[in-house]
Amino acid sequence: MKSKPKVLHLEKNHPSLVEELSNLGFENILSYDSDINEIQILVADVQGIIIRSRLPLNEKILDYAKNLKFIARVGSGLENIHLTDKLKNKIHLVAAPEGNCQSVGEHVCGMILSLLHKLHSANDSVKNHQWLREEHRGTEIGSKTIGIIGYGHTGKATAKKLSGFDCKVIYCDLLPNLGDPFAQEVTLNEIFLQADIISLHVTENPSSFHLINTQFIQQMNKAFWLINTSRGSVVKTSDLVEGLKSGKILGAGLDVLEYESKGFKDVFTQHELSNDLRYLMTSENVLFSPHVAGWTKESHYLLAQTIIKKIKKLYT
């Protein structure tokens, strides 16, 4: 009897992923807490690996995967998968940016609303028995120009949701001609000139590392709000703090931080918080969330379904 192809799951995902892979004829190997040494043994006999973010897949592991056909990341990026040149034409890479783009778009809108209407500080003040109306006079989104940097699935979903606020939405991307009815394609220089709010939707790569730094901030024509739901490394935290202190950055919504662990699980792994992080945590015009922009109940299922569809396509 022919043995079933095996798929190694290194992290928990929606249970439908395991169930439907089984229905497709795969044997699921669940190894959520294995270390690198254990993984090196397990990968020797698998055709597929399912991961999210808990560890990088590099030659230390992949050199042992002699029968590997695909790696699927249940998320929107592939930055933790490092294929050598000899493996690039042998292994298919699968990601699922479609699976959580609606979630990210909603989260961005929520952060913008909260910052501009001062909802989080207003909530805190009322709970502290303070009724401060003038201090919490807000600013409307409709009067603003929003610049989206990176116009893939999440950028597009964000622009579509923002269209209901009657604001102007512009975008720039490394790829040309991605425009749709919800945003106008412009150059980065036009982002500098026009944007009141910037929302980041770029992947983690050398060109995006510390994209938001002092030079970028100084080139902005107006004081602006910053929203980052992409990767923490895109924003240089020390320069963000200086921008907030100077008033050039009016506020920041941060779902991600460059202090996060590799698996995105924590920023409090060190005994001493940096001075920059301490400043952000005590700033009324900074809003945090713990890397959950794409982490809704709905996206949990949709991410799994997106991966299933793409694996089916590989085998048909």
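As shown above, the structure is provided for reference.
Here the structure is a predicted model, which is why all the values come from computation and not from measurement.

**Q** Quick one: what's the story with the overall build of the protein chain, residue by residue and with numbers?
**A** Looking only at helices and strands, one finds twelve helices and twelve strands in the protein chain. Compactness check: the protein chain gives a C-alpha radius of gyration of 21 Å against a globular reference of 20 Å for 316 residues, within 12% of the reference. Seen along its three principal axes, the alpha-carbon backbone of the protein chain occupies a region of about 75 × 45 × 35 Å. Taken across its 316 residues, the protein chain has 48% of its residues classed as buried. Considering only residue pairs separated by 6 or more positions, the protein chain has 60% of its internal contacts joining residues 24 or more positions apart. Here the protein chain displays about 16700 Å² of accessible surface, and carbon together with sulfur accounts for 52% of that area.

**Q** So what about the nonpolar core? Which residues, and what values?
**A** Looking at soluble globular proteins, one finds that nonpolar side chains tend to be buried together. I198, L200, L226 and L240 are the most contacted members of the largest nonpolar core, which totals 29 residues. With 22 residues, the next largest nonpolar core counts I112, I141, I146 and W225 among its residues.

**Q** Break down empty space enclosed by the protein for me, citing the residues and quoting the values.
**A** Enumeration according to the criterion identifies one cavity of 30 Å³ or more in this entry. In this structure, the largest cavity encloses a volume near 50 Å³. N228, G232, V235, T237, L240, L254, V256, L257, E258 and L280 together form the lining of the largest cavity. Its residues placed into classes, the lining of the largest cavity shows six nonpolar, three polar and one charged.

**Q** Please set out the pairing of strand 6 (residues 145-149) residue by residue, giving values where relevant.
**A** Most of strand 6 is tucked away, with five of its five residues classed as buried. With five bridges joining them, strand 6 and strand 7 (residues 168-172) adopt parallel strand pairing. Within strand 7, the residue paired with I148 across the bridge is Y171. Taken together, strand 6, helix 7 (residues 153-162) and strand 7 constitute a β-α-β crossover, and its handedness is right-handed. Pairing geometry for strand 6 and strand 9 (residues 197-200), over four bridges, is parallel. Note on strand 9: the bridge partner recorded for I149 is L200.

**Q** Let's hear about the pairing of strand 9: which residues, and what values?
**A** Judged by which residues are buried, strand 9 turns out to be covered on both faces: I197 and S199 on one side and I198 and L200 on the other are all buried. Summarising the sheet, strand 9 and strand 10 (residues 224-228) pair through four bridges and their orientation is parallel. When the bridges of strand 10 are listed, S199 appears paired with I227. For the crossover from strand 9 across helix 9 (residues 214-219) to strand 10, the handedness is right-handed.

**Q** Can you lay out the layout of surface pockets for me, pointing to particular residues and giving the numbers?
**A** Here the largest pocket is characterised by a volume of approximately 1200 Å³. Lining the largest pocket are 50 residues, and of these S76, V202, T203, S230 and R231 lie nearest its centre. Element by element, the count of residues in the lining of the largest pocket is highest for helix 5 (residues 97-116), at three residues. Lining the second largest pocket we find 20 residues, and of these K118, H120, S121, E284 and N285 sit closest to its centre. At the level of elements, helix 5, helix 6 (119-127) and strand 11 (249-254) are the ones that each hand at least two residues to the lining of the second largest pocket. Broken down by element, the lining of the second largest pocket gets its largest block of residues, four residues, from helix 6.

What counts, and where the lines are drawn
Residues numbered from 1 in each chain as written. Predicted model: local features only at pLDDT ≥ 70, side-chain atom pairs only at ≥ 80, totals over all residues. Heavy atoms only, no water. Helix = DSSP H or I, 4+ residues; strand = E, 2+ residues; numbered from the N terminus. Rg over C-alpha atoms; globule rule 2.2 N^0.38 Å. Buried < 20%, exposed > 50% of the residue type's maximum accessible area, 1.4 Å probe, protein only. Contact = heavy atoms within 4.5 Å. Areas by Shrake-Rupley, 256 points an atom, 1.4 Å probe, with all protein chains shown as cover. Core = buried A, V, L, I, M, F, W, Y, C linked by side-chain atoms within 4.5 Å. 1 Å grid on protein atoms, 1.4 Å probe; cavity = no way out; pocket = protein on both sides within 12 Å on 5 of 7 lines; lining within 4 Å. Points joined across faces, edges and corners; volume = space filled by probe spheres on them. Nonpolar A, V, L, I, M, F, W, Y, C, P; charged D, E, K, R; others polar. Pairing = 2+ DSSP bridges. Right-handed = clockwise from strand over helix to strand, strands pointing away.

Fair warning: the whole summary comes from geometry, so function is off the table for now.
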